[in-house]
There are 2 protein chains.
Amino acid sequence: MSNDFFSTSNRIKSTPFTSRNNMAGVKKYSVYNNTLIPTVFRSLKSDYFHLIKHVQIWDVCCQKVIEVRGNNALSLMKYLFCRDFSKIVSGKSYYAPIVNFEGGLLNDPVVFCVEKDHFLISLSDSDLFNWVSAINHTKEFYADVNETDILTIAIQGPKSEKLISKIFGEEIKFLKYFNFKKFFFNKESLIISKTGFSKQSGYEILLTNPNNGILLWDLIMEKGKEFNIKVGCPNMIERVENNLLSYGNEMTNKDTPYDCGLGKFCNLETEYEYIGKSSLLKQKQVGFEKDIFKIHFNYEFDDQPIFFNNLPVFKKGIEIGKATSIVWSPKYSKYIGFLIASKKIMNNLNDYYILDKGKFEVSEIL
Amino acid sequence: MSNDFFSTSNRIKSTPFTSRNNMAGVKKYSVYNNTLIPTVFRSLKSDYFHLIKHVQIWDVCCQKVIEVRGNNALSLMKYLFCRDFSKIVSGKSYYAPIVNFEGGLLNDPVVFCVEKDHFLISLSDSDLFNWVSAINHTKEFYADVNETDILTIAIQGPKSEKLISKIFGEEIKFLKYFNFKKFFFNKESLIISKTGFSKQSGYEILLTNPNNGILLWDLIMEKGKEFNIKVGCPNMIERVENNLLSYGNEMTNKDTPYDCGLGKFCNLETEYEYIGKSSLLKQKQVGFEKDIFKIHFNYEFDDQPIFFNNLPVFKKGIEIGKATSIVWSPKYSKYIGFLIASKKIMNNLNDYYILDKGKFEVSEIL
């Protein structure tokens, strides 16, 4: 099936679950960290309504995982990330922006603190391994930094807790948001984390054995029948409605965390140095130039595409930026999306902002 | 058109020439450096026969280009690459492996020496920008290192010289292999280099203005009519027949240049240090463990797939590696491909090597 969409090669990896996606009738794939990721099963809208009502299983093996271990692991992690890791706790996971020396975002991974000398970095879509390796070596941390074969399955949706406790027992109900625990399946340990790329509540399961992966996938599908489980994938409508940003879509290495609402995950008052800190401090002094805006607009024309990748945004005829991830929202009965733009230009939110050469009007900017 | 193959997004870029590929009836795309690259137009075989007889125009904008400039640019380049750059000459391009501190391949780009303080690195499929930036900063070179918007068009095939001299004049006939020159088109400068990912002779054109890109593309198509030009793409059959390796397919960061026949592009006797040199020297002392082998085999079964991504290779029932980029070769009337494997295991080339659980026999190993 994937053969119809893509020219497959060693460069673009399928996953142990690609066959399961295909069996479930995946309609479209994308590529994320050189790995196939499904993007649509029935339709964006139908997938969305199912996700917010029931439970889905997702193949998110594209969330490649880097492992950092050893005596200097924590020192390296503190030097790499903007988030204050001085009080990091094992068993917790952390959404953590990572920037270059100029403060530009390189990735926005979730960091799992397995032990104080053992971390997993679950990546969004950019190759961070070369960066981490280079810093580790040139700054003489010499921690053990490795690409892993960890496979990630996500269970997302309001019925996810009922389903997962049926398989792994009642104690999982006590797992708090951004906490994780080791469990056993088929005599091998795996990690279950209360995280995931939706706001419908859910879990991510990290495991290493592909055979166990398939066994577990099939068991989840079997046990999930009573909850109306379907194979799904991160849903563009759901994530935009809930302000979940996507690295490479909304923000790139041209944006700082403060340019896109991720400043709350950075600490510029740490007692230690980290990459980008001095640059971000300088920018803070003069004021961060950009901000991220949510746009809502009505659409007056006949064709109704379910989404637009990019739409130029105009103020009085001058293009001020590109709106991203624009999608039809059933919840708001409007198109919604994001815009990173200069705060100065966006000072008067009552101005009209005309998109796509006059086709649309922005009715609201949040 | 690309919408039928891929779920498009900001993460996966189309190019200014994607519309031209679509108009020409592209059948399949892949993703390379987060950018669309066509892989098949008519069929692999039909594209192949056309390429080795006529001339093709390729959209290879996926060959992302990093620019390195400034006083310390040459010092940085020498520290980054295994190839001896102490006598680098402006106007020449260099196929140059780049490795990590352990000697593992990170990329095998073509480096253009524009001036002694100005380099372009035209990448194969891996994100090298983070690596170069990290080294540049932590090792305090502070050269200007930037991602560029350079667009690359390739003109490949035996009739490429006739076609390109018709557009840019007779002097281009004096351009030697791996040399390049500045030319002007529509009052803007561009680079034409006698390079490309085929062995059929050809050129790569590097330019920055997308409007000029389309103008030039259409002019090449117009002037190319008498040479039977077609829109094409790097052809798997042609490259495997001619031993052109593809980063991510044949070799990864688990292989050194010496493991895959690229030792001739490295110099372990430079008078200066570079990344990976000490590690490669150590490995040389004990002997490099692996080598790359060309495999040829007959196929006895009814179905005749045009290619296989990967086939496990067995020696006396034990898997010794995976053969890559296996494709039906019209020239040899056999399947051909590559295998990186331990030299020790491959010591007796007269042994049988059974692929794919006994389905095939290797008839020849070069």
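Student: Can you tell me about the relation of the copies chain A and chain B, naming the residues and giving the values?
Tutor: Once turned by 180° and shifted 0.0 Å along the axis, chain A lies on chain B with an RMSD of 0.0 Å. Viewed as a symmetry operation, the transformation between the two copies matches a two-fold axis. The residues that chain A uses at the interface reappear at the interface of chain B in 100% of cases, marking a shared surface.

Student: Which residues make up the pairing of strand S4 (residues 65–69) of chain B, and what values do they have?
Tutor: All names here are of chain B. Most of S4 is tucked away, with four of its five residues classed as buried. Of the strand pairs in this sheet, S4 and strand S9 (residues 118–122) are connected by five bridges, and their pairing is antiparallel. Bridge pairing links Ile-66 to Ile-121 in S9. As paired strands, S4 and strand S10 (residues 144–147) are joined by four bridges and run antiparallel to one another. Note that in S10 the partner of Val-68 across the bridge is Val-145.

Student: Summarise the interface of chain A and chain B; cite the residues concerned and give the values.
Tutor: Tallying the contact residues gives 42 residues for chain A and 42 residues for chain B. Summed over both sides, the interface of chain A with chain B buries roughly 3,500 Å², with 46% coming from carbon and sulfur. Counting across the interface, chain A meets chain B through four salt bridges. In this structure, Arg-11 of chain B engages Asp-125 of chain A in a salt bridge whose closest nitrogen and oxygen atoms are separated by 2.8 Å. For the interface between chain A and chain B, the tally reads 19 residue pairs in polar contact (both at pLDDT 80 or more). The set of elements that each furnish at least two residues to the side of chain A that touches chain B consists of helix H1 (2–5), strand S1 (28–32), helix H5 (129–138) and strand S17 (307–315) of chain A. Taken together, the residues that form the side of chain A that touches chain B break down as 14 nonpolar, 19 polar and nine charged.

Calculation criteria
Residues numbered from 1 in each chain as written. Chains lettered and ligands numbered in written order. Predicted model: local features only at pLDDT ≥ 70, side-chain atom pairs only at ≥ 80, totals over all residues. Heavy atoms only, no water. Least-squares fit on C-alpha atoms with pLDDT ≥ 70 in both. Contact = heavy atoms within 4.5 Å. Buried < 20%, exposed > 50% of the residue type's maximum accessible area, 1.4 Å probe, protein only. Helix = DSSP H or I, 4+ residues; strand = E, 2+ residues; numbered from the N terminus. Pairing = 2+ DSSP bridges. Buried area = accessible area lost by both parts, 1.4 Å probe. Salt bridge = Lys/Arg side-chain N within 4 Å of Asp/Glu carboxyl O. Polar contact = N/O pair within 3.5 Å; in protein donor to acceptor, adjacent residues only side chain to side chain. Nonpolar A, V, L, I, M, F, W, Y, C, P; charged D, E, K, R; others polar.

No statement about biological role is implied by the geometric values presented.
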